[in-house]
Amino acid sequence: MVIALVVLVTIGAFLLGITVSWLAKGYVEDYIENAAYAKSVTHPEMLDEDGNLLHDELIYIRPATPWDEQPDLTDEDDD
């Protein structure tokens, strides 16, 4: 009885491993393909006149919006 149980658990683990690895293979291939595509696409503003990547420090503009403003925490009714 114990031998039969061990054999069934071993076969079940083998089948489960095959199924999980087969499903994970698709996700890994999609990730690698997407990473390669994202690495190959560069914005033209990141290149110099000769087409080489710029290694300068990036500067960005962040517009001020009403949501960025901090409320005034002073209490006007300190009478």
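The model shown is predicted, which means the values in this text are computed figures rather than measured ones. Along every chain, residues carry numbers that run from 1 in the direction the sequence is written. This being a predicted model, a pLDDT of at least 70 is required before a residue's local features are given, and a value of 80 or more before pairs of side-chain atoms are given or counted; all residues contribute to the totals for chains, interfaces and linings. Note that water and hydrogens are dropped before the side-chain values are worked out from all heavy atoms of the structure.

Caption draft 1: Structural view of the overall build of the chain. Runs of H or I in DSSP of at least four residues are treated as helices and runs of E of at least two as strands, each being numbered from the N terminus. A tally of helices and strands in the chain yields one helix and zero strands. Only protein chains enter the accessibility calculation, which uses a 1.4 Å probe; a residue whose area is less than 20% of its type maximum is buried, one above 50% is exposed, and one in between is partly exposed. Expressed as a percentage of its 79 residues, the buried residues of the chain come to 0%. Each accessible area is a Shrake-Rupley estimate made with a 1.4 Å probe; only the visible protein chains count as cover when residues are assessed. Put simply, the chain shows about 8400 Å² of open surface, and 64% of that area lies on carbon and sulfur atoms.

Caption draft 2: Up close: a nonpolar patch on the surface. A patch consists of residues whose relative accessible area exceeds 30% and which take part in no salt bridge; residues with like charges are grouped when within 9 Å of each other, and nonpolar side chains (Val, Leu, Ile, Met, Phe, Trp, Tyr) when within 5 Å. The salt bridge criterion pairs a side-chain nitrogen of Lys or Arg with a carboxyl oxygen of Asp or Glu, the two atoms within 4 Å. Judged by side-chain polarity, Ile-3, Val-7, Ile-11, Phe-14, Leu-15 and Ile-18 come together as a nonpolar surface patch covering roughly 610 Å² of accessible area. Topologically, Phe-14 is positioned in helix 1 (residues 2-40).

Caption draft 3: Broad picture of the pattern of salt bridges. Evaluated as defined, the whole model comprises one salt bridge. Note that Lys-25 is salt-bridged to Glu-29, the shortest N-O span being 3.2 Å. Of this pair, Lys-25 and Glu-29 both sit in helix 1, separated by four residues, roughly a single helical turn. Residue classification places Glu-29 among the partly exposed residues on the basis of a relative accessible area of 41%.

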